[in-house]
Amino acid sequence: MTENKQLSSSESLRQQALARLSDSAVSLSELSHEQILKLAHELQVHQIELELQNEELKSTTAELERAQLLFSTIFNRSPTGYLLLDEQGIVQEANLTFCNLIKSSLDQVLGKPVQTFIDDADRPAFLSRYRALFRQPKDKLIELRLKHPQKGFIWVRLQAERLSPPKVNEHEPQTEWLLLAVVDLTAQKAAEQALRLSEQRYRNLIENSRDLVYRISFVPQQHFEYVSPSATAITGYTPEEHYADPYLGYKLIHPEDLPLLQKIATEGIKPDQKLVLRWRRKDGRLIWMEQQNTPIFDAQGNLIALEGFAQDVTERKEAELALQNLLQEYDVLFNGVQDAVFLIEVDEAGEFRYLRTNLAHQKKTGISLEMIQGKTPIELVGEELGSVLCANYQRCLDSGQPVTYEETLDLPGGRRTWSTTLTPVWREGRIKYIVGAATDITEQKAALETIHLSKQRYRTLFANMVEGFALNEMIWDDNGQPIDYRFLEVNPAFEKLTGLKAEQVIGKTARQLVPRLEAHWIERYGEVAAGGGEQVFEEYTQELGKWYEVRAFCPKPGYFAAVFIDVTQRKRLEAEREQLIQDLQRKNAELGQFTYTVSHDLKSPLITILGFLAFVEQSLDQGDLAQAKADLQRIRFAAEKMQALLEGLLELSRIGRVANAPSCFPIGEVVMEAVQLLFGNIQHQGRTVDFEIAPGLPLVYGDRARLLQVMQNLLDNALKYMGEQPNPRIEIGWRDAPDEIHLFVRDNGIGIEAEQQEKIFGLFEKLDPRAQGYGVGLALVKRIIEVHGGRVWVESEGEGKGSTFWFSLPKTHQT
Amino acid sequence: MRSQEPIKILLVEDNPDHAELLRRLFESYLVKNIFCHVEDGEQAIAYLNRQGKYADDLRYPYPNIILLDLRLPKVDGFQVLEHIKTSSRHRHLVVVILTSSREERDIQRAYQAYANSYLVKPLNPNEMMDVLRHLGLYWLKWNVYASPVPN
């Protein structure tokens, strides 16, 4: 509505009315009074009506004016520009908004064809469509550019509606107008542009993103609505391949992981729910993909699409897995170790708090993780024990070094002894943690205690044992031959037995201590040390002058231990015993020999006697008396011989049985006596014999009478075996010997052959069977001297060279 | 085959009485024999080797059989036995040990040294005679001797 048009004034109204009246054909004169009265009445009424109407009209007009003003305001203030166009496109009305839109004034707009304002580019199109628009404006939206003095053009959207404005008067044809709502699309367009840009940017982002972005639509059937290009890089399949195969997505998923997806499908997809699955790429490689799907529902709530993006989280997953494994490993390690491990946190105030313990700790101490976590030692085990623990931790803290100590604790798990090591850990410039590791050494300690006791016992044994003990290291030469050994350890008994002190001995070698040590010791020990097995043996060492019985064994290759006892005494006794046994055996043999000899020598004459008796009988029968007499003589001699033999035997036995009291006397006296007695014999034989008696014959201790017998027999013998030489000579002398006195009787007679020298002292042994005597003499000498504790022997260089008969007498304290 | 020649006997015995006994016995044997006697081993060996006075074959004929006592002075019976049995010349001789020893060791030794026989002189004279008679029978009548090995 133009503001120019106003309600006509009453003036113009009257004029209009007069005009109309003049037009009307009816005259007033034709009417009756009644009709005039009626008419006047009606006129009055009409006048009143008119007045009323006029008032109404006035108010209505006022209202109308007000309304018009209002609507005009609204019309003009509307954010939408309005144009009222006629069929030809002339602007009938326009609002201020439109005018402002094109920066034009109303009068510039009104009455102009609309295309004036349209931008040249869009004008042809609009013009061609205007008729169609005018006829059927419904649902037609046109967007075009209007000319703008500053911007060049602006985009607007036109929405048309047919308007049939009320006729001014009835005669008028009905005009049809087109109401165009003109909306400034500038903002919208800008927004669209921005949106497009933004979309572009996002598209770029998506296209260039390394993540896979996709939209699966389920209507009408499942298919990929969008797959970002990154699909190629990630899966090996191009987006086109995805579009081609709607189910490619499922095929990619690792069969083992499909159930996960299926579970989601059944439970319903939760937006922002992340799903991590394995996909198999086109090239066969397996990757981990993290998907986030957002379900899209239609207005009815049906699932129509799925939008999602997926990231290749293989690295992350592998890192996760690695971390998991690592954590597992650490857990296994931490909790698998047999030692009790605990972690203490040291807060800034210096308080110790337990952070974590391992399984071993929990089991061994009987304290669970919940019980200990976060507590200080005092909170955990009380003041007494807690302060001890704190003291230990403090020590570690103060020293800044790992500390190790042993402690025995009474804990819920029992009373156990631990070897604990605390290690400080620096973080942020101070010791923030202490790592504790404790080994349960209860059993070990007990074992050690046992070992200690055992050692103690062994020490005692070692120190007190009677046997000497030495632990030695064998020393080898380059050829692997044993050459020496070193003393490592010896016991007190060793010292006593060898007379060597431990200080002297330990660290030294055998050859250093005993330079002339016999090689056999070293060889033997070498064998043992080389692993040849235990050896038990007896050996003599001249250096110490002792016999030892040794048990040598090898505690470790290259070493040997020897346990030994001094068996010198035993050896001596053994030797004595051996000697005794030998003596006895000898005596036994002698006895046997004696018996044999005796029986033989006694048998012999008996054979003679009995044999010749037979012949005597024969002779008597034959009357041969001479023969008989001769034979009887033989018999007599034989019998006498037997008698002599028996007497000799008796004498011999008497020497042993009957002993005179021994005395100390000069042997010289006895010699003289014997020589005197012999002179009778010599004279009887009519021979001269030279006697030489050595001076200074010593004192001897023994049986005088028997020793006289000895001298007599020896001299007798010498005489007997003088031979036929012209100057028979007998020498008597002596010599000194350690512990003994040796005396001799030497002759220069027929001598004795070497083989016979042993025999002659035997009973009844006669070198010359024809010689006098019965072979008893020397046997007697031997017997007597042996009873005195001495020995007899003979020296002779052989036949014709004379003989020297020696006998020894032991020295006593008197001689 | 019985030998017509007299059997030569050598007795090695130190006891003169025993030697005399044996001599008389062998003299009384019907079988002809020549009885010789030496007193010790030294003489025995010299006899066999025809040394010294024993070179006289007539007086001291080389024996067929030796009666050997073990206990002899100077050189004992065992030595004589060994001498005989190790000598190629005298090995063939029959050596009869005639001793009063019944000791096992003597017997062993004698046989080990290849004595041909071992007789023990019994105490009983009758037994002795018996032994000697049988000795005579066996060794003189029946035993066949080898001829002496040429020198």
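Just so it is clear, the model here is predicted, and its values are computed rather than measured. (Residues numbered from 1 in each chain as written. Chains lettered and ligands numbered in written order. Predicted model: local features only at pLDDT ≥ 70, side-chain atom pairs only at ≥ 80, totals over all residues. Heavy atoms only, no water.)

Before we go on, may I ask you to explain the overall build of chain B in this structure?
Per the secondary structure count, chain B includes 5 helices and 5 strands. Mapped in sequence order, the helices and strands of chain B form the string β-α-β-α-β-α-β-α-β-α. Within the span of chain B, comprising 151 residues, buried residues form 54% of the whole. For chain B, long-range pairs separated by at least 24 residues make up 64% of all intrachain contacts whose partners lie at least 6 apart in sequence. Carbon and sulfur atoms make up 50% of the accessible area of chain B, which totals about 7,900 Å². (Helix = DSSP H or I, 4+ residues; strand = E, 2+ residues; numbered from the N terminus. Buried < 20%, exposed > 50% of the residue type's maximum accessible area, 1.4 Å probe, protein only. Contact = heavy atoms within 4.5 Å. Areas by Shrake-Rupley, 256 points an atom, 1.4 Å probe, with all protein chains shown as cover.)

Would you mind going over the nonpolar core with me for this structure?
Taken as a class, soluble globular proteins show a tendency for nonpolar side chains to be buried jointly. All names here are of chain A. Core analysis: the largest hydrophobic core is formed by 40 residues, its most contacted members being Ile730 and Phe807. Per-element tally for this core: the top contributor is helix H24 (residues 704-720), with 8 residues. Sequence-distant contacts of Ile730, that is, excluding residues within four places in its chain, are made with Val689, Asp690, Phe691, Glu692, Leu715, Ala718, Leu719, Met722, Val745 and Arg746. Ranked by size, the runner-up nonpolar core spans 34 residues in total, among them Ile607, Val616, Ile635 and Leu645. (Core = buried A, V, L, I, M, F, W, Y, C linked by side-chain atoms within 4.5 Å.)

Is there a simple way to think about a negative patch on the surface in this case?
Side chains of Glu753, Glu755 and Glu799 of chain A together with Glu42 of chain B sit close together on the surface and give a patch of like negative charge. Tracing the backbone shows Glu42 of chain B in helix H2 (residues 41-48). (Patch = residues over 30% accessible without salt bridge, like charges linked within 9 Å, V, L, I, M, F, W, Y side chains within 5 Å. Salt bridge = Lys/Arg side-chain N within 4 Å of Asp/Glu carboxyl O. Lys, Arg positive; Asp, Glu negative; His and termini not counted. Charge placed at Lys NZ, Arg CZ, Asp CG, Glu CD.)

Would you take a moment to explain helix H3 (residues 77-86) of chain B for this structure?
Residue pairs spaced three or four apart in an α-helix point in one direction, given the helix's 3.6 residues per turn. Residues and elements named next belong to chain B. Buried within H3 are the following residues: Gly77, Phe78, Val80, Leu81, Ile84 and Lys85. Take H3 and look down its axis: the buried residues cluster within an arc of 160°, on one side only. Where H3 begins, the side chain of Asp76 points an oxygen toward the backbone nitrogen of Phe78, at a separation of 3.1 Å. (Arc of directions from axis to C-beta. Polar contact = N/O pair within 3.5 Å; in protein donor to acceptor, adjacent residues only side chain to side chain.)

What should I look at first to understand the packing of H3 of chain B against helix H4 (residues 104-112) of chain B in this one?
Two quantities define a packed helix pair, namely the angle between the axes and the distance from one axis to the other. Residues and elements named next belong to chain B. With their axes 10 Å apart at the nearest point, H3 and H4 run at an angle of 15° to one another. With respect to their mutual orientation, H3 and H4 come out roughly parallel. The handedness of the crossing between H3 and H4 is right-handed. Residues Phe78, Leu81 and Glu82 of H3 touch H4, and the partners they reach there are Asp106, Arg109 and Ala110. (Axes fitted to C-alpha atoms, helices over the stretch in contact; angles between N-to-C directions. Parallel < 35°, antiparallel > 145°, perpendicular 65-115°, else oblique. Left-handed = near helix turned anticlockwise from the far one by under 90°.)

Can you help me understand the interface of chain A and chain B in this one?
Many descriptions give the size of an interface as the accessible area lost when the pieces come together. Listed per partner, the contact involves 19 residues of chain A and 22 residues of chain B. Between Arg634 of chain A and Glu20 of chain B there is a salt bridge; the shortest N-O distance is 3.8 Å. One can count 3 residue pairs in polar contact (both at pLDDT 80 or more) joining chain A with chain B. Listed by contribution, the elements that provide at least two residues to the side of chain A that touches chain B are helix H21 (568-622) and helix H22 (625-657) of chain A. A total of 12 residues in the side of chain A that touches chain B trace back to one element, the largest contributor, which is H21 of chain A.

What exactly am I supposed to notice about the sheet that holds strand E3 (residues 141-148) of chain A here?
Strands belonging to one sheet form pairs held by backbone hydrogen bonds; the direction of such a pair is parallel or antiparallel. All names here are of chain A. The antiparallel open sheet is built from 5 strands, whose spatial order is E2-E1-E5-E4-E3. At either margin of the open sheet sits one strand with a lone partner, and together these are strand E2 (91-94) and E3. The mean angle between the axes of side-by-side strands here comes to 30°, regardless of whether they run parallel or antiparallel. Here E3 pairs with strand E4 (residues 152-163) via 8 bridges, running antiparallel. If you follow Leu144 over to E4, its bridge partner there is Val156. (Pairing = 2+ DSSP bridges.)

Would you take a moment to explain the packing of aromatic side chains for this structure?
The geometry of an aromatic ring pair is captured by two quantities: the separation of the ring centres and the angle between the planes. Residues and elements named next belong to chain A. In this structure the tally under the stated criterion is 29 aromatic pairs over all chains. When the ring of Phe75 is compared with that of Tyr82, the centres are 5.8 Å apart and the planes differ by 15°; the resulting orientation is stacked. The class for Phe75 is partly exposed, based on a relative accessible area of 21%. What makes Tyr82 partly exposed here is its relative accessible area of 23%. The rings of Tyr485, Phe487, Phe494, Trp521, Tyr525, Phe537, Tyr548, Phe560 and Phe564 are connected pair by pair, giving a single aromatic cluster. Its guanidinium or amino end placed over the ring of Trp547, Lys571 lies 4.6 Å from that ring's centre, counting from NZ or CZ. Positioned above the aromatic ring of Phe665, the side-chain terminus of Arg704 is 5.4 Å from the ring centre. (Phe/Tyr/Trp six-rings, centres within 6.5 Å; stacked < 30°, edge-to-face > 60°. Lys NZ or Arg CZ within 6 Å of the ring centre and 35° of its normal.)

Sorry if this is basic, but what is going on with the sheet that holds strand E15 (residues 430-440) of chain A here?
Residue and element names in this part refer to chain A. What the 5 strands build is an open sheet, ordered E12-E11-E15-E14-E13; its pairing is antiparallel. Of all strands in the sheet, those bounded by a partner on one side alone are strand E12 (352-357) and strand E13 (403-411). The sheet shows a mean angle of 30° between the axes of neighbouring strands, taken without regard to direction. In the sheet, strand E14 (residues 414-427) pairs with E15 via 10 bridges, with the strands oriented antiparallel. Note on E15: the bridge partner recorded for Thr420 is Ala438. Sheet contacts for helix H15 (residues 383-399): strand E11 (340-346), E12, E13, E14 and E15; angle to E13, the most-contacted strand, approximately 170°. Packed onto the sheet, helix H16 (residues 442-464) meets E13, E14 and E15 and runs at close to 120° relative to E14.

Please clarify how the pattern of salt bridges should be interpreted in this entry.
When charged atoms on two side chains of opposite charge get close, those side chains can pair. Residue and element names in this part refer to chain A. The full count for this structure, using the stated rule, is 47 salt bridges over all chains. One salt bridge in this structure joins Asp736 and Lys811, with 2.9 Å as the shortest N-O distance. In this pair, Asp736 is assigned in strand E24 (residues 729-737) and Lys811 in the segment after strand E27 (803-810), connecting sequence segments 75 residues apart. Judged by its relative accessible area of 53%, Asp736 is exposed. Lys811 sits in the partly exposed class, given a relative accessible area of 33%. One continuous salt-bridge network, built from bridges that share partners, spans Glu538, Glu549, Arg570, Lys571 and Glu574.

What is the right way to look at the pairing of strand E10 (residues 303-312) of chain A in this model?
In the case of a regular strand, side chains alternate between the two sheet surfaces. Residues and elements named next belong to chain A. In this sheet, E10 lies alongside strand E6 (residues 212-217) in antiparallel orientation, the contact comprising 6 bridges. Its bridge partner being in E10, Ser217 is matched across the sheet by Ala305. Where strand E9 (residues 286-297) lies against E10, 9 bridges are found, and the strand directions are antiparallel. Bridge pairing links Phe297 to Leu303 in E10. Where E9 hands over to E10, the hairpin turn is made up of 5 residues, of which Gly301 adopts a positive phi near 90°.

Help me understand unusual backbone geometry in this model?
If a residue is not glycine, its phi is most likely negative; likewise, a peptide bond is most likely trans. The omega torsion across Val219 of chain A and Pro220 of chain A is -5°, close enough to zero to call that bond cis. For Pro220 of chain A, the position within the fold is in the loop between E6 and strand E7 (223-227). A positive phi angle, close to 70°, is found at Tyr114 of chain B, a residue other than glycine. Position of Tyr114 of chain B relative to the elements: it lies in the loop between H4 and strand E5 (117-120). With relative accessibility at 58%, the residue Tyr114 of chain B sits in the exposed group.

Is there a simple way to explain the confidence of the model for chain A in this structure?
Interpretation of this model should avoid reading the predicted coordinates in detail wherever pLDDT is low. Summarising the model, chain A shows a mean pLDDT of 84, and 94% of its residues fall at 70 or more. pLDDT under 50 marks residues 1-5 of chain A. Its contacts with residues more than four places away, or in other chains, come to 6 contacts. (pLDDT = per-residue confidence, 0-100.)

Can you walk me through the side chain of Gln222 of chain A in this structure?
Residues and elements named next belong to chain A. Considering the arrangement of structural elements, one finds Gln222 in the loop between E6 and E7. For Gln222, a relative accessible area of 16% translates into the label buried. Excluding anything up to four places from it in sequence, Gln222 contacts Ile216, Ser217, Pro246, Tyr247 and Tyr250.

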